[in-house]
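# Breakdown of the fold
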Amino acid sequence: MRVDLFDFELPADRIALRPASPRDSARMLVVPEKGEFEDRRVLDLPNYLQPGDALVVNDSRVIHARLSGRRLRGELSANVEATLIERLDASRWRALMRPAKKLSIGDRIRFVGDGGELDACVEAKGDEGEIALAFELGGPALDLAIEQAGVMPLPPYIAGKRSADAQDETDYQTIFAREAGAVAAPTAGLHFTPRLLAAIEARGVSLYRVTLHVGAGTFLPVKAEDTDLHKMHEEFARIDAPTAQALNDARAKGGRIIPVGTTALRVLESAADDAGRILPYANRTGIFITPGYRFRAVDMLLTNFHLPRSTLFMLVAAFAGLERIKAVYAHAIASGYRFYSYGDACLLQRRAT
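Residues numbered from 1 in each chain as written. Predicted model: local features only at pLDDT ≥ 70, side-chain atom pairs only at ≥ 80, totals over all residues. Heavy atoms only, no water.

## Here we look at helix H1 (residues 139–149)
Structurally, the α-helix is built with 3.6 residues per turn, so residues lying three or four positions apart point the same way. Those residues of H1 lying buried are Gly139, Leu142, Ala145, Ile146 and Ala149. Summarising the axial view, the buried residues of H1 lie within an arc of 105 degrees, below the 170-degree limit, and thus occupy one face. Summarising the geometry of H1, the exposed residues directed more than 90 degrees from the buried face are Pro140 and Leu144. Elements in contact with the buried residues of H1: strand E5 (66–73), strand E6 (76–87), strand E7 (92–98), strand E8 (108–113), strand E9 (116–125) and strand E10 (130–135). (Buried < 20%, exposed > 50% of the residue type's maximum accessible area, 1.4 Å probe, protein only. Helix = DSSP H or I, 4+ residues; strand = E, 2+ residues; numbered from the N terminus. Arc of directions from axis to C-beta. Contact = heavy atoms within 4.5 Å.)

Quick look at the structure:
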């Protein structure tokens, strides 16, 4: 499909720079398959769930993936900034570097933060500022050093207007976060609070965890003119055998599978077979969902409002229908909904196929 079909205009003042407080007070646009939209709050979510339903959340935790430092080359040095985007092994990461043109293979970089410093070597250079970094540390020691030297990697539409601060340490992390490795938050999960979880449990709804380590590529606009020409960045995803079995059992008993966010949806669809049965999965996934895709494992979706021309906007267009989702976004813009990572949510019913 033509990528320009997924474009829309968003006023700059609709981009949320801070989350709602409390988190579950964020607005939620309820979108049935047909009929009128409903303007609600995330705290109303249990009213749209049924006993036996299964909510699926992403338990990935955001790391301090933004690092600042200096390139050291003999007597010469230059300021550089890195955003880690994918772990390659125990001591190597793929990163987006600025300015990449100042770097050569073999250069040494010293990253310095409030909590310490960390050295790495430029191992390889790719397209569009991508660099492979080999760190002097590895494993848990490297993880700790990154947390000490780095800062929270806020999305560019927020970071361009303000710096990350201490409040973001909690605001940009879901209450489900436990598996370190994401460089961006699974943002639909940011709306959840203990009182919302208690109300969901009282409703007779079960909650299950999967993992997808969100990479920067998930949120980048698609630069190709046709979706067939776009290559997705791969991300690590995991669903264990007991969780897969429990979800299959819930669906067999008439329960609906409702992922919290596009990342949880992508795990489930990557793990599902052609019959819709969810299998254990622990692998990289580059699943790219556009209109025409046949969903196999999910029934509803709680998600935030996404960037124009992004793979996530294409995914929700596939889920609810392109014309339907355009109407959803037009209503949200006109009604003052807040967009993107710290913004409001919508609850989508899957389009019948």
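There is more to say after this.
## Details of unusual backbone geometry
Residue Pro22 follows Ser21 across a cis peptide bond; omega there is -5 degrees. The backbone phi angle of Arg309 is positive, close to 65 degrees, even though this residue is not glycine. Among the structural elements, Arg309 can be located in the loop between strand E16 (300–304) and helix H7 (311–320). At Tyr340, a position not held by glycine, the phi torsion is positive, near 75 degrees. Structurally, Tyr340 can be placed in the loop between helix H8 (322–334) and strand E17 (345–349).

## So, the sheet that holds E10
With antiparallel pairing, the six strands of this closed barrel are ordered in space as E5-E6-E7-E10-E9-E8. Neighbour to neighbour, the strand axes of the sheet diverge by 45 degrees on average, direction disregarded. In the sheet, E7 pairs with E10 via five bridges, with the strands oriented antiparallel. Across the sheet, residue Ala95 finds its bridge partner in E10, namely Ile131. Across the sheet, H1 lies against E5, E6, E7, E8, E9 and E10, angled at about 110 degrees from E9, the strand it touches most. (Pairing = 2+ DSSP bridges. Axes fitted to C-alpha atoms, helices over the stretch in contact; angles between N-to-C directions.)

## A word on the environment of Asp4
Assignment of secondary structure puts Asp4 in the segment before strand E1 (27–31). Along the chain, Asp4 and Phe288 lie 284 residues apart, while their C-alpha atoms are 17 Å from each other.

## Regarding the sheet that holds E16
Here four strands make up an open sheet; going across it, the order is E2-E1-E17-E16 and the pairing mixed. The strands lining the two open edges of the sheet, one partner per strand, are strand E2 (38–41) and E16. Across the sheet, the mean angle separating the axes of adjacent strands is 25 degrees when strand polarity is ignored. Note: E1 against E2, four bridges, orientation antiparallel. By the bridge assignment for E2, Val30 is matched with Glu38. Packing against the sheet, H7 makes contact with E16 and E17, and its axis sits at approximately 150 degrees to E16. Its contacts with the sheet put H8 on E1, E2, E16 and E17, and the angle it makes with E1 is roughly 150 degrees.

## A word on the packing of H7 against H8
One way to put it is that H7 packs onto H8 with a least axis distance of 7 Å and a crossing angle of 115 degrees. Of the two elements, H7 crosses H8, and the hand of that crossing is right-handed. Listed contacts from H8 to Phe313, Val316, Ala317 and Ala320 of H7 are Leu322, Arg324, Ile325 and Tyr329. (Left-handed = near helix turned anticlockwise from the far one by under 90°.)

## Quick notes on the nonpolar core
Core analysis: the biggest nonpolar cluster contains 69 residues, and Ile239, Ile325 and Phe339 have the highest contact counts within it. Not counting chain neighbours up to four residues away, the residues in contact with Ile325 comprise Phe313, Val316, Ala317, Ala320 and Leu348. Membership of the second largest hydrophobic core comes to 24 residues, among which are Ile63, Leu103, Leu118 and Ala149. (Core = buried A, V, L, I, M, F, W, Y, C linked by side-chain atoms within 4.5 Å.)

## Details of the pairing of E9
In this sheet, E9 lies alongside E8 in antiparallel orientation, the contact comprising six bridges. Across the sheet, the residue bridging to Ile109 is Ala120, located in E9. Hairpin connection, E8 to E9: the antiparallel pair is bridged by two residues. With five bridges joining them, E9 and E10 adopt antiparallel strand pairing. Looking at E10, one finds that Val122 is bridged to Leu133. The hairpin turn running from E9 into E10, its antiparallel successor, is four residues long, and Glu128 in that turn takes a positive phi close to 55 degrees.

## Focus on the pairing of E5
One ladder, built from eight bridges, connects E5 with E6; its direction is antiparallel. Note that in E6 the partner of Leu72 across the bridge is Ser77. What sits between E5 and E6 in their antiparallel hairpin is a turn of two residues, with Gly74 showing a positive phi close to 60 degrees.

## Considerations on the packing of aromatic side chains
Inspection of every chain in the model, using the stated rule, returns 15 aromatic pairs. When the ring of Phe111 is compared with that of Phe135, the centres are 6.3 Å apart and the planes differ by 40 degrees; the resulting orientation is tilted. Separated by 24 residues along the polypeptide, Phe111 in strand E8 and Phe135 in strand E10 bring together distant segments of the chain. Judged by its relative accessible area of 6%, Phe135 falls in the buried class. Relative to Tyr329, the ring of Phe305 lies with its centre 5.3 Å away and its plane at 75 degrees, an arrangement referred to as edge-to-face. Highlighted residues: Phe305 in the loop between E16 and H7 and Tyr329 in helix H8, separated in sequence by 24 residues. Here Phe305 and Tyr329 have matching classes, each one buried. Three or more aromatic residues joined by ring pairs make a cluster, and in this case those are Phe6, Phe8, Tyr157, Phe305, Phe313, Tyr329, Tyr337, Phe339 and Tyr340. The ring of Tyr337 has Arg27 sitting right over it, with the charged end atom 3.9 Å from the ring centre. (Phe/Tyr/Trp six-rings, centres within 6.5 Å; stacked < 30°, edge-to-face > 60°. Lys NZ or Arg CZ within 6 Å of the ring centre and 35° of its normal.)

Just geometry here; none of it tells us what the structure is for.
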